[in-house]
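Commentary on secondary and tertiary structure
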Amino acid sequence: QYENAKASIDNSTLFVEQMHAVRHDIKNQLLTLAGYIESEKKTEALQYIEHLTNDCLPNIQKVIETGDTAVDAILNMKATICLRQKIFLQIKFEDNCISGIEQTDTVILFGNLLDNAIEAAEKSAKKRVCLDVRNKGEYLSVCITNSIDESVLDKNRELKTTKENKKLHGLGLKSVKAVVDKYNGMIQFFEENGEFCCHLLLLKS
């Protein structure tokens, strides 16, 4: 969890640094734009605005709104990472589906699952991650898939971390399984059509 928290802080720090850089330069950018306007150079002014919006501003998008501030922050931060790493990310999130699940638990789930999927997808040719969150009767259904070039389960059925420091790594999946147990749920891993899939169900209160 420490490593996951550190990674989230690092990503947030990068975003803050980008925003500081924009704020630092914005005065000069506005002065340049004002100069074009005062000189009645409409075409140049529009071109400069287009340049600013396409190239200079941090490419941070709010791609989803779940109604839960913490979950929105996690999902949109991961979406930004995918955009930066040229990973296709698809998110399907049914309205009001996470009611009955504690906010801290949803953050653990989506943070860890997306971290693992993004890391794996980055190593694949297709670079694709899909997250599908919806109601399924009394359960919350979460399915996340990522592209793979070769089977993971054939070589690592237990999904043990392959990183050197095993004491610090591999904790994310343990945290996910702890949340699943807390809600009397189930989790399964499988592979199909060139994708690694994780599907879990949580019994909502």
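Model, not experiment: these values are computed from the prediction. (Residues numbered from 1 in each chain as written. Predicted model: local features only at pLDDT ≥ 70, side-chain atom pairs only at ≥ 80, totals over all residues. Heavy atoms only, no water.)

Some thoughts on the overall build of the chain
The cut-off we apply is this: The helix count covers DSSP runs of H or I at least four residues long, the strand count covers runs of E at least two residues long, and both are numbered beginning at the N terminus. A simple rule labels every residue: compare its accessible area, found with a 1.4 Å probe on the protein chains alone, to the largest value its type can have, and call it buried under 20%, exposed over 50%, or partly exposed in between. We call two residues in contact when some of their heavy atoms are within 4.5 Å. Accessible areas in this description were obtained via Shrake-Rupley with a 1.4 Å probe; residue shielding takes into account the shown protein chains only.
Along the chain, the regular secondary structure elements total five helices and five strands. The N-to-C order of helical and strand elements in the chain reads α-α-α-β-α-β-β-α-β-β. Expressed as a percentage of the 205 residues in the chain, the buried residues total 35%. In the chain, once contacts between residues fewer than 6 apart in sequence are set aside, the share between residues at least 24 apart is 63%. Put simply, the chain shows about 12800 Å² of open surface, and 52% of that area lies on carbon and sulfur atoms.

Quick notes on the side chain of Asp132
With respect to the element layout, Asp132 can be found in strand β2 (residues 128-136). When near neighbours in sequence (up to four residues on either side) are disregarded, Asp132 contacts Lys92, Ser141, Val142 and Cys143.

Regarding the pairing of β2
The condition that has to hold: Following DSSP output, two strands are said to pair if at least two bridges run between them.
With six bridges joining them, strand β1 (residues 88-93) and β2 adopt parallel strand pairing. If you follow Phe88 over to β2, its bridge partner there is Arg128. Judged from the eight bridges that link them, β2 and strand β3 (residues 139-147) form a sheet pairing that is antiparallel. Looking at β3, one finds that Asp132 is bridged to Cys143. With antiparallel pairing between neighbouring strands as the criterion, β2 and β3 make up a hairpin whose turn holds two residues, including Gly137 at a positive phi of roughly 65 degrees.

Quick notes on the packing of helix α3 (residues 69-84) against helix α4 (residues 103-122)
The criterion, for reference: What counts as an axis is a line fitted to C-alpha atoms, over the stretch in contact for a helix, and the angles between N-to-C directions run from 0 to 180 degrees. Here the word oblique covers every angle except those under 35 degrees (roughly parallel), over 145 (roughly antiparallel) and from 65 to 115 (roughly perpendicular). Charged residues are taken to be Asp, Glu, Lys and Arg, nonpolar residues to be Ala, Val, Leu, Ile, Met, Phe, Trp, Tyr, Cys and Pro, and polar residues to be all remaining types, Gly included.
Where α3 contacts α4, the axes come no closer than 9 Å and their chain directions differ by 10 degrees. With respect to α4, the axis of α3 lies roughly parallel. Contact residues: Ala70, Val71, Ile74, Leu75, Lys78, Ile81 and Cys82 in α3; Gln103, Thr106, Val107, Phe110, Gly111, Leu114, Asp115 and Ile118 in α4. The residue makeup of the contact of α3 with α4, split by class, is 10 nonpolar, three polar and two charged.

Keep in mind these values describe shape, not function.
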